[in-house]
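# Notes for the structure review
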Amino acid sequence: MPIRLKTLSRLFLLIFVLLVPVFFLYGYANWESVRAVKEQVLSSNSNRLQFFRSQIDGNINQIVNNVFSLMLDPDVKQFSNSYSLDDLKYENVAALNRIRSKLTHLNTASGWITYVSIYSPTVKRLINSSDLSLSNIELLPPPEDQGIKWAYKPDKSISKSVFTTTLVDPFSRIKRGDEADLFEIQFQAHNFTKMLDSFKNEGRNDPFLYHPSGQHILNSTAEEKLVATVTAHLDSQTLLNSQYKTITINHEEYLLSYIKSDLLDWYLVDYEPLGPLVKPIMMSRTIFFITASCLGAVLLFLAITLYRQVRLPIKKLIISSTQLRNGDYSSRIEGKHNNEFDFLNYRFNEMASEIQHLIENVYKEKLRSQTASLKQLQSQINPHFLYNCLHFISIMNYRGNREAIDAMVTNLGEYYRYTTRLEHTASTLREEIQVLQNYLEIHRIRMPSLTYTLDISDDVNNVPVPRLILQPIIENSIVHGFAQKSGPLWIRIASYVNGNRLQLVIEDNGSGLTEQELDKLRLSLSQPPEVHEGGIGIWNVHQRLLLQYGSSAGLELFHSPSGGLKTQINIIFSEHKE
């Protein structure tokens, strides 16, 4: 049963579970704080805008009411009836001066710079606070039929831009109809600039008046680029009577508020950057995250230290123990930790060394036993193989096929010269391939439908390998794979180098094995001799490779794409055991 290290993982998980709610709650509280600030500022701006609108409407209403009061003045009532263009009597001039004095008073009564002009269509005379001429002048603009409508007349200079409207005297209209007296009211847009400056009052906001036609009146310190961006945003919207929301300008959030003045049909707009308002909150958040990051760095450092001082040594011990259990008796624990694990590692290495020494002694004895088994196997295989070859030679002699006899005798002689040389248990790959060619030629002569290909790199020809590791696999393909197979038969032998590993791949197009049969054959390769069942040929090859090169060597069996069997021989050719 595998050992799993869960203590440290659970500790880290516990720390994570404890820290996540803290971050979540702080983040939520921070978000709520920002939201509350937004709502508070928007509410405050709403109240201030409503108060500012009431001031504007109050001043306008005061001016209009003063003009309506002026309509009731006796001198004004007699203006269109008593004064002719040529009548310059003292009484008339005195009356005109009194009217002018009253108009001058109206100009300053509301606190705004205001101009009121009176025009009488009957005598075609205009009088205002600065004009006493009795000459004919142009008619004033006609009054609006649907209430009081203020028109804006812009100028390059804000001091010359004015709002104007024309009122009709209702009393004179009853008497004279279309020739009723007209009262023109003008006040400078600069009045609004002063009020906007007062409304701004050194705050972060930047109020201005806006009309959907694209006109606007700014305070004296307005940032025109930002105002242009805000007005462009308003132009793209369907405006309500009032609205309060957040917009983004140049990647920065602004609180935008506007409210409509029904008297002017203009909007009072105010915007304010959100950043400075929530700066203390953001600063607090930054300090928190910096502190949390430092704490996280400290915890990470402690975790790494704990990992290196505790978990890493334990992990190394477990890995080495697993390798030892899997048969790698050369596994050792390296490195020093300057703690109690050094003693534990030393004892483990000492134990592994003793086990390796004992196992190697057993392996050597077993290897000698396997060598004897190999020689016995050769003595069992060779007579049977020889009888078949001699029988073939006899048949070919009867048929008079001397060419087949010569080829058989030549290859058979080379084959037996190699296999009967029992004084050496190792050879080179070149020698193994040569004797394999002799063996395959013998079978090709007997089976004309058999072909074979050799794809062996010259770089590996001199690699030392155990003797007779290829012949049993080829024999297995011919005897078992081709026994029930008709048609063209082929065998392919190829070499590959992967690092320090030599891979020899033998593939055929024989009848192959089922998945269950292949699994059974794979299992039989690792069985000990006393329980192994079946042929000893490829089992002997696999066991000799394991004994000589370790657990990384041996045979691997696969299904061939052609339907036969694919066998891969793994040999460690740079660090093999002598």
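Residues numbered from 1 in each chain as written. Predicted model: local features only at pLDDT ≥ 70, side-chain atom pairs only at ≥ 80, totals over all residues. Heavy atoms only, no water.

### Concerning unusual backbone geometry
Heads up, the condition is: Strands are runs of DSSP state E lasting at least two residues, helices are runs of H or I lasting at least four, and both sets are numbered from the N terminus onward. Relative accessible area decides the class of each residue, using a 1.4 Å probe on protein chains only: under 20% of the type maximum gives buried, over 50% gives exposed, and in between gives partly exposed.
Not every positive phi belongs to a glycine, and His 251 is a case in point at roughly 65°. With respect to the element layout, His 251 can be found in the loop between strand S8 (242-249) and strand S9 (252-261). In this structure, Asp 265 is a non-glycine residue whose phi angle is positive, near 65°. Position of Asp 265 among the secondary structure elements: in the loop between S9 and strand S10 (266-273). Of the residues examined, Asp 265 reaches a relative accessible area of 38% and is grouped as partly exposed.

### Some thoughts on the pairing of strand S16 (residues 554-559)
Here is the rule we go by: Note on pairing: DSSP must find at least two bridges between two strands before they are called paired.
Pairing analysis gives six bridges linking S16 to strand S17 (residues 565-572), with the strands arranged antiparallel. Within the sheet, the bridge partner assigned to His 559 lies in S17 and is Leu 565. Hairpin connection from S16 to S17: five residues lie between these consecutive antiparallel strands, with Gly 563 at a positive phi of about 105°.

### Things to note about the confidence of the model for the protein chain
Here is the rule we go by: One confidence number per residue, pLDDT, is output by the predictor and ranges from 0 to 100. Residues are treated as being in contact if the distance between any of their heavy atoms lies within 4.5 Å.
For the protein chain, mean pLDDT is 78; residues scoring 70 or higher make up 82% of the total. Note on residues 1-5: pLDDT is under 50 here. Beyond four places in sequence and across chains, it has five contacts. Below pLDDT 50 for its whole length, residues 132-139 participates in 18 contacts with residues either more than four positions away or in separate chains.

### Re the packing of helix H11 (residues 429-446) against helix H12 (residues 471-481)
What counts here: Fitted lines through C-alpha atoms serve as axes, helices being fitted only where they are in contact, and the angles separating the N-to-C directions of these axes extend from 0 to 180 degrees. Should an angle lie under 35 degrees it is considered roughly parallel, over 145 roughly antiparallel, and from 65 to 115 roughly perpendicular; all remaining angles are considered oblique. For a crossing to be left-handed, the near helix must be turned anticlockwise from the far one by less than a right angle; the clockwise case is right-handed. When residues are grouped by polarity, Ala, Val, Leu, Ile, Met, Phe, Trp, Tyr, Cys and Pro land in nonpolar, Asp, Glu, Lys and Arg in charged, and all others, Gly among them, in polar.
Direction vectors running N to C along H11 and H12 enclose 20°, while the axes themselves pass 10 Å from each other. Considering their axes alone, H11 and H12 lie roughly parallel with respect to each other. The handedness of the crossing between H11 and H12 is right-handed. Every residue of H12 that contacts H11 at Leu 436, Tyr 439, Leu 440 and His 443 is listed here: Gln 471, Ile 474, Glu 475 and Ile 478. Considered class by class, the residues forming the contact of H11 with H12 number five nonpolar, two polar and one charged.

### Quick look at the pairing of strand S4 (residues 162-168)
Taken across its seven residues, S4 has six buried, putting it largely inside the fold. Where strand S3 (residues 151-153) lies against S4, three bridges are found, and the strand directions are antiparallel. Its bridge partner lying in S4, Tyr 152 is registered against Phe 163. One ladder, built from seven bridges, connects S4 with strand S5 (residues 182-188); its direction is antiparallel. Note on S5: the bridge partner recorded for Leu 167 is Phe 183.

### What about the nonpolar core?
Spelled out, the test is: Grouping buried Ala, Val, Leu, Ile, Met, Phe, Trp, Tyr and Cys residues that are joined through side-chain atoms within 4.5 Å yields what is termed a nonpolar core.
Of all hydrophobic cores here, the largest spans 52 residues; its most connected members are Ile 474, Ile 491, Ile 569 and Ile 571. Per element, the largest residue contribution to this core is eight residues, and it comes from H11. Those residues in contact with Ile 491 that lie beyond four places of it in its chain are Leu 440, Leu 450, Thr 451, Tyr 452, Thr 453, Ile 474, Ser 477, Ile 478, Phe 482, Ile 506, Glu 507 and Asp 508. Val 64, Ala 189, Ile 259 and Leu 268 belong to the second largest nonpolar core, which has 36 residues in total.

### Notes on the side chain of Ser 427
Rules: Pairs of N or O atoms within 3.5 Å make up the polar contacts considered here, provided that, within protein, one atom can donate a hydrogen while the other can accept it, and that residues adjacent in sequence are counted only when both atoms are side-chain atoms.
Counting through the fold element by element, Ser 427 comes out in strand S11 (residues 426-428). For Ser 427, a relative accessible area of 5% gives the class buried. Here Tyr 418 takes part through its side chain, which lies 2.8 Å from a polar atom of the side chain of Ser 427.

### Observations concerning helix H14 (residues 537-549)
Just so we agree on the cut-off: What a helix should span is 1.5 Å times the count of its residues minus one.
The end-to-end C-alpha distance of H14, which contains 13 residues, comes to 19 Å, matching closely the 18 Å that a straight helix rising 1.5 Å per residue would cover. Within H14, 10 of the 13 residues are buried, leaving the element largely enclosed by the surrounding structure. Residues of H14 that are buried include every one of Ile 538, Trp 539, Asn 540, Val 541, His 542, Gln 543, Arg 544, Leu 545, Leu 547 and Tyr 549, and no others. After H14 finishes, the residue Gly 550 shows a positive phi value of roughly 100°.

### Section: the sheet that holds S5
Sheet architecture is open: five strands sit in the order S2-S1-S5-S4-S3, paired in antiparallel fashion. Strand pairing shows two members of the sheet lacking a second neighbour, strand S2 (125-128) and S3, which therefore form its edges. Along the sheet, successive strands turn relative to each other by an average axial angle of 25°, direction set aside. Sitting on the sheet, helix H6 (residues 190-200) touches S4 and S5, and the angle it makes with S5 is about 40°.

### Here's the deal with a nonpolar patch on the surface
We count it as follows: Like-charged residues within 9 Å of one another, or nonpolar side chains (Val, Leu, Ile, Met, Phe, Trp, Tyr) within 5 Å, are grouped into patches, provided each residue has over 30% relative accessible area and no salt bridge. What sets the accessible areas is the Shrake-Rupley method with a 1.4 Å probe; for residues, cover comes only from the shown protein chains. Salt bridges are defined by distance alone: a side-chain nitrogen of Lys or Arg within 4 Å of a carboxyl oxygen of Asp or Glu.
Among the surface-exposed residues, Leu 13, Phe 16, Val 17 and Val 20 lie close enough to one another that they form a single nonpolar patch of about 370 Å² accessible area. Topologically, Val 17 is positioned in helix H1 (residues 7-71). Classification of Val 17 as partly exposed rests on a relative accessible area of 45%.

### Some thoughts on the pattern of salt bridges
What the rule picks out here adds up to seven salt bridges. Note that Lys 200 and Asp 206 form a salt bridge whose closest N and O atoms lie 3.6 Å from each other. Each member of the pair, Lys 200 together with Asp 206, is buried.

### Focus: the environment of Tyr 258
Assignment of secondary structure puts Tyr 258 in strand S9. Of the residues examined, Tyr 258 reaches a relative accessible area of 2% and is grouped as buried. The spatial distance from the C-alpha of Tyr 258 to the C-alpha of Ser 46 is 8.0 Å, given a sequence separation of 212 residues. Discounting chain neighbours no more than four positions away, the residues touching Tyr 258 are Leu 49, Leu 234, Leu 239, Leu 240, Asn 241, Ser 242, Gln 243, Tyr 244, Tyr 267, Leu 268 and Val 269. Within polar-contact distance, the side chain of Tyr 258 engages the backbone nitrogen of Leu 240 at 3.2 Å.

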